[in-house]
Amino acid sequence: MKTSKRNSNFELLRIITMLLIVFHHSIVHGLLVNSTALGQGNPVTPQIWGTVFVGQMVAMFGKVAVAIFVMISGYFLVNSKSSGKKSLKKVLFLTAQVYFYSVIIYLVAAHFKWINPKDLGTLQQAFLPLFYNTNWFATEYLMLYLIYPYLNVALHNINQRQHRNLILILIVTFTVVPTIFPNFGNYGSYGLLVVFIL
């Protein structure tokens, strides 16, 4: 019987990216929020400035980690022969996981009074997690998973020159232009699509 080998290098990279994403959220939603609040209405002390600066330097790797995570998925999925039906089953399984953990976290947070259980917005986000920006990555990753079999067909049926041109267009529109014009476009799922193709 043939068994598939797991590549330990990719597994290690996945673990590192997950840790970076955890650090990112801890800093952006914890450390930086508290440090900024301390400085509001008062001169920002060197200690607060230093905390914010170091926090932002570490937090930026969270965005890089998201791109790496999607690129790893692209690496394994680009030659996958998965049908649309199999892809849909995977999407439904991932959707069930997102809903399960969203509801469990809501119930635990409500029990310990970390949130207001009567708040309608919080309730909607907990029971409709894929329709709110709170779980933006899960929503966009599921959308990507739905279309990747068809994306693969397109990528495998263009020649090397067309593929090169596509990559150049994506790099220019996704990195070069926004660097010069920060308000250019609102990418959303396009970002994940770009790193998947790359």
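So, how was this worked out
Residues numbered from 1 in each chain as written. Predicted model: local features only at pLDDT ≥ 70, side-chain atom pairs only at ≥ 80, totals over all residues. Heavy atoms only, no water. Helix = DSSP H or I, 4+ residues; strand = E, 2+ residues; numbered from the N terminus. Buried < 20%, exposed > 50% of the residue type's maximum accessible area, 1.4 Å probe, protein only. Contact = heavy atoms within 4.5 Å. Areas by Shrake-Rupley, 256 points an atom, 1.4 Å probe, with all protein chains shown as cover. Core = buried A, V, L, I, M, F, W, Y, C linked by side-chain atoms within 4.5 Å. pLDDT = per-residue confidence, 0-100. Salt bridge = Lys/Arg side-chain N within 4 Å of Asp/Glu carboxyl O. Phe/Tyr/Trp six-rings, centres within 6.5 Å; stacked < 30°, edge-to-face > 60°. Patch = residues over 30% accessible without salt bridge, like charges linked within 9 Å, V, L, I, M, F, W, Y side chains within 5 Å. Polar contact = N/O pair within 3.5 Å; in protein donor to acceptor, adjacent residues only side chain to side chain. Expected span 1.5 Å × (residues − 1). Bend = angle between axes of the 7 residues up to and from the residue.

J.: Help me understand the overall build of the protein chain in this model?
T.: When its secondary structure is counted, the protein chain shows seven helices and zero strands. Along the chain direction, N to C, the helices and strands of the protein chain fall in the order α-α-α-α-α-α-α. Residue burial in the protein chain is summarised as follows: out of 198 residues, 28% are buried. Contacts in the protein chain between residues far apart in sequence, at least 24 positions, make up 68% of those at least 6 positions apart. Just so you have it, the protein chain exposes about 14100 Å², and 68% of that area is on carbon and sulfur atoms.

J.: Teacher, can you tell me more about the nonpolar core here?
T.: Across soluble globular proteins, nonpolar side chains have a tendency to be buried as a group. Ranked by internal contacts, the top residues of the largest apolar core, which has 19 residues, are Tyr 145 and Phe 196. For this core, the secondary structure elements donating two or more residues are α2 (46-77), α3 (84-111), α5 (136-156) and α7 (189-197). Top element by residues in this core is α5. It accounts for eight residues. Ignoring sequence-local partners within four residues, the contact set of Phe 196 consists of Val 70, Ser 73, Gly 74, Leu 77, Leu 144, Tyr 148, Leu 151 and Asn 152.

J.: Please clarify how the confidence of the model for the protein chain should be interpreted in this entry.
T.: Any segment with low pLDDT has predicted coordinates that should not be analysed in fine detail. In this model, the protein chain carries an average pLDDT of 78, and 79% of its residues clear a pLDDT of 70 or more. Here residues 36-44 is a poorly scored stretch, pLDDT under 50, and it has four contacts once near neighbours within four places are set aside; other chains count.

J.: Honestly, the pattern of salt bridges in this entry has me stumped. Any pointers?
T.: One side chain can pair with another of opposite charge once the charged atoms of both are near each other. By the definition in use, this model includes one salt bridge. For Glu 11, the salt bridge goes to Arg 14, with nearest N and O atoms at 3.4 Å. Highlighted residues: Glu 11 and Arg 14, both in helix α1 (residues 8-39), separated by three residues, approximately one helical turn. Looking at Glu 11, the relative accessible area reads 25%, which means it is partly exposed.

J.: In this structure, what is going on with the packing of aromatic side chains? I would like to understand it.
T.: Given two aromatic rings, their pairing is described by the distance between the two centres and the angle made by the two planes. Taken as a whole, this structure holds 11 aromatic pairs when the rule is applied. Measuring from centroid to centroid gives 6.1 Å for Tyr 141 and Tyr 145, while their planes differ by 50°, and the two rings are tilted. Residue Tyr 141 and its partner Tyr 145 are located together in helix α5, separated by four residues, close to a single helical turn. With relative accessibility at 13%, the residue Tyr 145 sits in the buried group. Joined through ring pairs, the aromatic side chains of Phe 69, Trp 136, Phe 137, Tyr 141, Tyr 145 and Tyr 148 make up one cluster.

J.: Would you mind going over unusual backbone geometry with me for this structure?
T.: One non-glycine residue with positive phi stands out, namely Lys 113, at about 65°. Mapped onto the fold, Lys 113 is located in the loop between α3 and α4 (120-127).

J.: Help me understand a nonpolar patch on the surface, please; the structure alone is not making it clear to me.
T.: A cluster of nonpolar side chains, contributed by Ile 15, Met 18, Leu 19, Val 22, Phe 23, Phe 53, Val 54, Met 57, Val 58, Met 60, Phe 61 and Val 64, occupies part of the molecular surface with about 1000 Å² of accessible area. Among the elements of the structure, α1 and α2 are those that each provide at least two residues to the nonpolar patch. Element by element, the count of residues in the nonpolar patch is highest for α2, at seven residues. By the element assignment, Val 54 lies in helix α2.

J.: What is the right way to look at the side chain of Asn 152 in this model?
T.: Residue position: Asn 152 is located in helix α5. Here the side chain of Asn 152 touches Val 78 through a polar contact of 3.4 Å, landing on its backbone oxygen. The contact partners of Asn 152, leaving out residues within four places of it in the chain, are Leu 77, Val 78, Ser 80 and Phe 196.

J.: Help me understand the environment of Gln 56, please; the structure alone is not making it clear to me.
T.: Its location among the elements puts Gln 56 in helix α2. Sequence-wise, Gln 56 and His 24 are 32 residues apart; in three dimensions their C-alpha atoms are separated by 8.7 Å.

J.: Help me understand α5, please; the structure alone is not making it clear to me.
T.: Since the α-helix advances by 3.6 residues per turn, residues separated by three or four positions end up pointing in the same direction. The first and last C-alpha atoms of α5 sit 29 Å apart over 21 residues, in line with the 30 Å expected at 1.5 Å per residue. The sharpest bend along α5 reaches about 50° and sits at Tyr 148, with the proline Pro 149 one to four residues further on. For α5, the complete set of buried residues consists of Ala 138, Thr 139, Glu 140, Tyr 141, Leu 142, Leu 144, Tyr 145, Tyr 148, Pro 149, Leu 151, Asn 152 and Leu 155.

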